[in-house]
Amino acid sequence: MKLWQKPLNSHKKTMDNKMTMQSITKIVRNNLILAGIAVLIIVTSLVEPKFLTSANIENIIRQFGTLIFVALGMTFVIMAGFIDLSVGGIISLVAVVTVTLIDKVGQGPAIIVGITIGLICGLLNSFLILSSGALTQAEALFLTYGMSLVFGAVALIYTQGVTQFLTYSKTDISLFNTINSGSIGIISISFIIFIVCLLILYIVEKRTYIGRSIVVVGGNKVAARLAGIPISKTIVFIYAVSGVMTAIGTVILVARVTLASPVMGIPYMANAILSVVVGGTALIGGKGSVLWTVMGTLLLILMGNCLNLMGVSTYIQYMLKGAILILAIWLDNRKQFSEGN
Amino acid sequence: MENNNADAILKIKEVSKVFPGVKALDRVSLDVFRGTIHGIVGENGAGKSTLMKILSGVYQKDDGEIVFDGNKIENITPIQSMNMGLSIIYQELNLINTMSVGENIFLGRFGEMGGRTGVHAKARILLDSIGCKIDTQKQVSELSVSDKQMIEIAKALSFDSKLIIMDEPSSSLTADEMKQLIEIIHDLKNKGIAIIYITHKLDEIFNFCDVVTVMRDGHVIDTRAVNAISRNEMISMMVGRTIENEYPPRPNCVGETILEIKNINTKKLKNVHLTIKKGEILGLVGLVGAGRTEVVRALFGADKVHKKSIQIDGESVRINNPIDAINNGLAMVPEDRKIQGLLLQFAVEKNISLASLGKLSSYGFINEKEEGKISERQIKSLNIKTPSAKTKIQMLSGGNQQKTILGRWLEIKPKILILDEPTKGVDVGAKYEIYLLMKKIVEEGGSIILISSELPEVLHMSNRVVTICDGRINGEFDPSQASADEIMAKAFEFA
């Protein structure tokens, strides 16, 4: 281990070659996702002329615009070595409550209530995890899945299973319309919301005490605790962020589809986790970034879009998504294996 | 030992292995003969483990030749190496806790052994052959560490091993268990089996090894018959310089009582009462499982405690979790470095700053400039050997990892520093540095609670030794007066 202090004579050359090879593979691996995005864009735009039309690009941005918020919140949870399966339930609940409240309290207050519900759901998750002492990812998985069922059930009971339409609202829904299609110059409002959230989360991740706590807890909970890192606060924080980000995403989703169904959140759970993991955040925690998640989400949405344009059936798409998830986890484990030993 | 005797079961010729940034093995050559106990010593990072992992097929060599029992070894897997008759007993034992003894010995081979009855019958024969009386039906989780080691040995024998490699087997054994292990090793030797015995403890080399190979920095420095080498020679070969003493002179700066713990009661501990003085090193001696680690964990707020009362500087304090402990001037270097101490995937810098993060933050933001400064300061003052502060800590040797954790705690300037097995898996050179550091800490007015399985270490470094047995404090000694035997007798009182 003290070798860097000594000249490496006879084997220096082979070693240098090995090092270059390894750094090349490392660069390729770390940028696999960017390469994937580039290949997808180039190939699809050559094969499918519809891909580069403004209508399709707008479509991509909109799909991106909901999932990304859920995935960003999920990133912190996974970085800390936990998981949040309740986001599906939270979306359904926040959506129906927000839409039904517009007539009663007005748009702004309805949105605020919706985001508060997201926050409360997140706090509930963390409270359950802390009070049951569930400190493993597997336990968090089942607990939050249970909560997802609960949140979803509340949404169903609240609406009696009936889809609520934003368009039939008696009062003004201009705020939702602005969120959906408004823009400042050429930059759309929802994109600005996304950039603001991303910036805040990125700063939290890189510069703050709580951000460091998240990644440290994910890296080694026992060591973190013994070094005085507040584990409980960290858990409360990650689930609260996940709840709030999911609620923000829900508001944007509702504004786009102009309805709220008590089951609309279900597909987002898997897609959000997929985005985070494909982005390269380790499922076991301790490593990751909200920036990577942006890439992961983009790759996932682009892939879905390309496959749709090429007329590939949804069933096959499910299979491909599964394959990508497995590939992402496999690559990450391989990487840890080669670094770890 | 350079003769090409036909008795060589293992011939390693010019084997090299390179990892990114590190040359782990540099043209290593070594012969191991049938019926000999071949000790391998070297500091951490000397290349011992890498060499063993190449032999067992976990790693592949880059260069060189290995001949085992007349066959060249090329690209083998761990299973193949076992079937060839080469077994390794790792430091962290590889048994399945929820299965029985018999099932563990013949894991994955139930069919060939004739099912459940066959497995247990054959396991019995194997265990008897090494004089081990454990019931083969017993679940492994109920066994002591030494019993588990016996099971590993039986498992190695079940493969008809011609060479058994033991990687620091004594690190968690008591003196009695060690005796038993030595007997078995001798027994194996008489059966013509070769043993490679990797250790940090030089006493063991002199006690029962025939041949010793000293490694350093990926090289074999020398291989000699044990009766042809002196202890000092061996140490200077290992560290590449001469070390006058293994221990610095005992610090002598004990002041007034700073900490008093009364009535610690847990499932394991009974009415534990301890006092620590300013500038004192208090040694806590006991068997593994006697409750020594539990005492300090209770003090540090790491475990739940029914009842305890703690006074620091005469004032009662509440310590319910590690955060309270740190705020009251306590620090703890835990027993298991990898599991309880290190953030393996993180930079040295982030490992150092971990306990100081609160201090480094204002309004929730970490002052990264300051973080870099404190880690540079600790790297320098503790002489942590690392390419840079940004290097991942898993790339460092055990001794340097341990110094990093010490740096983490020294940065918060604790009044009382708890050291639980501070030199476990640490090489001779770094050990001495850690002892010097302990001396410096108490001379600057800190206090240390030292737990260690190595009695000489406790005897040489402590101002006062307390024995703990079966969850009770049962003796107090002045280590400058008491003998090791007296202290051990007390620690074994109820065992």
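Residues numbered from 1 in each chain as written. Chains lettered and ligands numbered in written order. Predicted model: local features only at pLDDT ≥ 70, side-chain atom pairs only at ≥ 80, totals over all residues.

Quick word on unusual backbone geometry
Residues and elements named next belong to chain B.
Here's step 1: Not every positive phi belongs to a glycine, and Asp160 is a case in point at roughly 60 degrees.
Here's step 2: In this model, Asn263 sits at a positive phi of 55 degrees, which is unusual for a non-glycine residue.
Here's step 3: Position of Asn263 among the secondary structure elements: in strand E11 (residues 257-265). (Helix = DSSP H or I, 4+ residues; strand = E, 2+ residues; numbered from the N terminus.)

Details of the sheet that holds strand E14 (residues 307-312) of chain B
All names here are of chain B.
Here's step 1: Pairing is antiparallel in the open sheet, where 4 strands are placed in the order E12-E11-E14-E15. Edge positions in the open sheet fall to strand E12 (272-277) and strand E15 (315-317), since each of these has one partner strand only. Across the sheet, the mean angle separating the axes of adjacent strands is 20 degrees when strand polarity is ignored.
Here's step 2: As paired elements, E11 and E14 share 5 bridges and run antiparallel to each other. Of the residues in E14, the one forming a bridge with Glu260 is Gln311.
Here's step 3: In this fold helix H9 (residues 292-300) packs onto E11, E12 and E14, with an angle of close to 105 degrees to the strand it touches most, E11. (Pairing = 2+ DSSP bridges. Axes fitted to C-alpha atoms, helices over the stretch in contact; angles between N-to-C directions. Contact = placed C-beta atoms within 7 Å.)

Focus on the packing of helix H2 (residues 32-47) of chain A against helix H13 (residues 290-309) of chain A
All names here are of chain A.
Here's step 1: Their axes nearest at 10 Å, the elements H2 and H13 cross at an angle of 25 degrees. Considering their axes alone, H2 and H13 lie roughly parallel with respect to each other. For the element pair H2 and H13, the recorded crossing hand is left-handed. On H13, the residues touching Ile33, Leu34, Gly36, Ile37, Leu40, Ile41 and Thr44 of H2 are Met295, Gly296, Leu298, Leu299, Leu302, Met303, Cys306 and Leu309.
Here's step 2: Classifying every residue of the contact of H2 with H13 by side-chain character gives 12 nonpolar, 3 polar and no charged. (Parallel < 35°, antiparallel > 145°, perpendicular 65-115°, else oblique. Left-handed = near helix turned anticlockwise from the far one by under 90°. Nonpolar A, V, L, I, M, F, W, Y, C, P; charged D, E, K, R; others polar.)

Observations concerning the environment of Ala35(A)
Residue and element names in this part refer to chain A.
Here's step 1: Locating Ala35 in the fold gives a position in helix H2.
Here's step 2: Among the residues examined, Ala35 registers 11 C-beta atoms within 10 Å and is labelled exposed.
Here's step 3: Each C-alpha atom of the pair Ala35 and Leu299 lies 9.9 Å from the other, and the pair is 264 residues apart in sequence. (Buried ≥ 20, exposed ≤ 12 C-beta atoms within 10 Å, placed from the backbone.)

Side note on the environment of Gly228(A)
Here's step 1: Here Gly228(A) lies in the loop between helix H10 (221-226) and helix H11 (231-257).
Here's step 2: It is 27 Å that separates the C-alpha atoms of Gly228(A) and Ile120(A), two residues lying 108 residues apart in sequence.

Points about the sheet that holds strand E13 (residues 281-285) of chain B
Strand pairing in a sheet takes place through backbone hydrogen bonds and is either antiparallel or parallel in direction.
Residue and element names in this part refer to chain B.
Here's step 1: Here we have 6 strands laid out as an open sheet, ordered E16-E19-E20-E13-E21-E22, and mixed in their pairing. Edge positions in the sheet fall to strand E16 (330-333) and strand E22 (472-477), since each has one partner strand and no second. Each strand axis lies, on average, 20 degrees off the axis of its neighbour in the sheet, ignoring direction.
Here's step 2: Sitting on the sheet, helix H16 (residues 428-443) touches E13, strand E19 (416-420) and strand E20 (447-451), and the angle it makes with E20 is about 145 degrees.

Describing the nonpolar core
Here's step 1: Judged by nonpolar contacts, the single largest core of 161 residues is most densely connected at Ile238(A), Ala272(A), Ile418(B), Ile449(B) and Leu450(B).
Here's step 2: If one sorts the elements of this core by residue count, H11(A) sits on top with 16 residues.
Here's step 3: Here this core gathers at least three residues from each of two domains, domain 2 (245-329 + 414-495) and domain 3 (345-408) of chain B.
Here's step 4: Not counting chain neighbours up to four residues away, the residues in contact with Ala272(A) comprise Leu67(A), Val70(A), Ala71(A), Met74(A) and Val87(A). (Core = buried A, V, L, I, M, F, W, Y, C linked by C-beta atoms within 7 Å. Domains from an automatic or database assignment.)

Notes on the environment of Met488(B)
Residue and element names in this part refer to chain B.
Here's step 1: Position of Met488 relative to the elements: it lies in helix H18 (residues 484-491).
Here's step 2: C-alpha separation for the pair Met488 and Leu450, spaced 38 residues apart in sequence, amounts to 16 Å.
Here's step 3: Aside from chain neighbours lying at most four places away, what touches Met488 is Ala175 and Leu455.

Here's the deal with the confidence of the model for chain B
Residue and element names in this part refer to chain B.
Here's step 1: Per-residue confidence for chain B gives a mean pLDDT of 86; residues scoring 70 or more make up 95%.
Here's step 2: Element-level mean pLDDT values for chain B span from 79 in H18 up to 96 in E16.
Here's step 3: Low confidence marks residues 1-5, where pLDDT is under 50. Its contacts with residues over four positions away, or in another chain, come to 6 contacts.
Here's step 4: For this predicted complex, the interface confidence score (ipTM) comes to 0.82, while the overall pTM stands at 0.74. (pLDDT = per-residue confidence, 0-100.)

Regarding the domain arrangement of chain B
Here's step 1: Taken domain by domain, chain B consists of domain 1 (8-239), domain 2 (245-329 + 414-495) and domain 3 (345-408).
Here's step 2: For domain 1 of chain B and domain 3 of chain B, the distance between their C-alpha centroids amounts to 35 Å.

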